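Summary of the model geometry
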Amino acid sequence: MVRLTKETIEVFEKALQKEEKSVQTIQKYQRDLSKLAEFLNGKELTQKRLEDYKRWLIEEKNYKVRSANSYLSCANHFCKIMEQPFFVSAYKLDRAEKKKEVPLLSMEEYEKLAKAAIKKSDSVMALVIQILSTTDIRVTELYWITVESLETGKVEFVRGSERIVMKLPDGILADLKQYAKKKGYQSGMIFRTSHGNPVDRFQLWKRLKRLCSDAGVERDKVSFQNLKRPLEKKYYPLKI
């Protein structure tokens, strides 16, 4: 059995870091886990208490289904990391909730976003939008696109327990090389701040949302997840 203590929470956070979760994602897990800690109030975590927690979120705390499911997902992930055999299913969305789901980003809207970034000479966002859309690379994996990786044309990283080797499309590779040359990068990360730190996921998200007005695309339809939706996307070269 396990309790939510300072020690077990630290183990959980370190595991999330090993999974290469972003700072913002880890902070959300921390907030969600605090709700489970509130419910348990020092008691051991058991399968029955996990099921009671599911009902408590809706019946006593009056959370909406989507919010409750977020808390339950965190609880399940905590159990997995702590090697506990407990699991609770998510609430099913009713028709009203399903209607609120974000619609797919169309090919035309994707093109508008990419072209708007290029027109604004925002090379970072133009590259990020198109890398996320035309490859299987995720936001947190942009870190592994380095000057060294451009020499081989391949990006290598670990996702979960799997080692991934991904070839960069020719157009993206050419523009990444031009961008690195323009910035004077001799080694290390391509996507970095002026202080040399990895680009922040939240800052990229805010820049993506701001770009929507220039592109004439609904803000609610634009997210990193929606950029990943299956579309036969074309790459638009930068003007460097």
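Right, let's walk through the structure included here. (Residues numbered from 1 in each chain as written. Predicted model: local features only at pLDDT ≥ 70, side-chain atom pairs only at ≥ 80, totals over all residues. Heavy atoms only, no water.)

**What to know about the pairing of strand 2 (residues 162-167)**
Sheet topology note: the strand 1 (residues 154-159)/strand 2 ladder contains six bridges and is antiparallel. Residue pairing in the sheet places Val158 in a bridge with Arg163 of strand 2. If you look at the hairpin formed by strand 1 and strand 2, you'll find two residues sitting between the two strands, and Gly160 has a positive phi there, around 70°. (Pairing = 2+ DSSP bridges. Helix = DSSP H or I, 4+ residues; strand = E, 2+ residues; numbered from the N terminus.)

**A short note on the packing of aromatic side chains**
The tally for this structure, following the rule as stated, stands at nine aromatic pairs. Ring geometry for Phe12 and Phe78: centres 5.4 Å apart, planes at 75°, overall edge-to-face. Here Phe12, found in helix 1 (residues 6-18), pairs with Phe78, found in helix 4 (residues 65-81); they are 66 residues apart in sequence, far enough to count as distant. Of the two residues, Phe12 and Phe78, both sit in the buried class. For the pair Phe202 and Trp205, a centre-to-centre distance of 5.8 Å together with 15° between the ring planes defines the contact as stacked. (Phe/Tyr/Trp six-rings, centres within 6.5 Å; stacked < 30°, edge-to-face > 60°. Buried < 20%, exposed > 50% of the residue type's maximum accessible area, 1.4 Å probe, protein only.)

**Overview of the packing of helix 1 against helix 2 (residues 23-40)**
Running from amino to carboxyl end, helix 1 crosses helix 2 at an angle of 150°, the nearest separation of the two axes being 10 Å. As judged from the angle between their axes, helix 1 and helix 2 are roughly antiparallel. Crossing handedness for the pair helix 1 and helix 2: right-handed. Facing Ile9, Phe12, Glu13, Leu16 and Gln17 of helix 1, the residues of helix 2 in contact are Ile26, Tyr29, Gln30 and Leu33. The residue inventory of the contact of helix 1 with helix 2, partitioned by class, reads six nonpolar, two polar and one charged. (Axes fitted to C-alpha atoms, helices over the stretch in contact; angles between N-to-C directions. Parallel < 35°, antiparallel > 145°, perpendicular 65-115°, else oblique. Left-handed = near helix turned anticlockwise from the far one by under 90°. Contact = heavy atoms within 4.5 Å. Nonpolar A, V, L, I, M, F, W, Y, C, P; charged D, E, K, R; others polar.)

**Quick look at the pattern of salt bridges**
Considering all chains together, one arrives at 15 salt bridges under this definition. A salt bridge links Glu141 to Arg159, with the nearest nitrogen and oxygen atoms 2.7 Å apart. On the criterion of sequence distance, the pair formed by Glu141 in the loop between helix 7 (123-134) and helix 8 (147-152) and Arg159 in strand 1 is long-range, its members being 18 residues apart. Given a relative accessible area of 3%, Glu141 falls into the buried group. (Salt bridge = Lys/Arg side-chain N within 4 Å of Asp/Glu carboxyl O.)

**Section: the nonpolar core**
Leu113, Ile131, Leu142, Ile145, Leu176, Ile190 and Phe191 are the most contacted members of the largest nonpolar core, which has 46 residues in total. Broken down by secondary-structure element, the contributors of at least two residues to this core are helix 6 (107-119), helix 7, helix 8, strand 1, strand 2, helix 9 (170-183), helix 10 (201-215) and helix 11 (224-227). Here the element with the most residues in this core is helix 7; it accounts for eight residues. Membership of the second largest hydrophobic core comes to 26 residues, among which are Phe12, Tyr53, Ala68 and Ala75. (Core = buried A, V, L, I, M, F, W, Y, C linked by side-chain atoms within 4.5 Å.)

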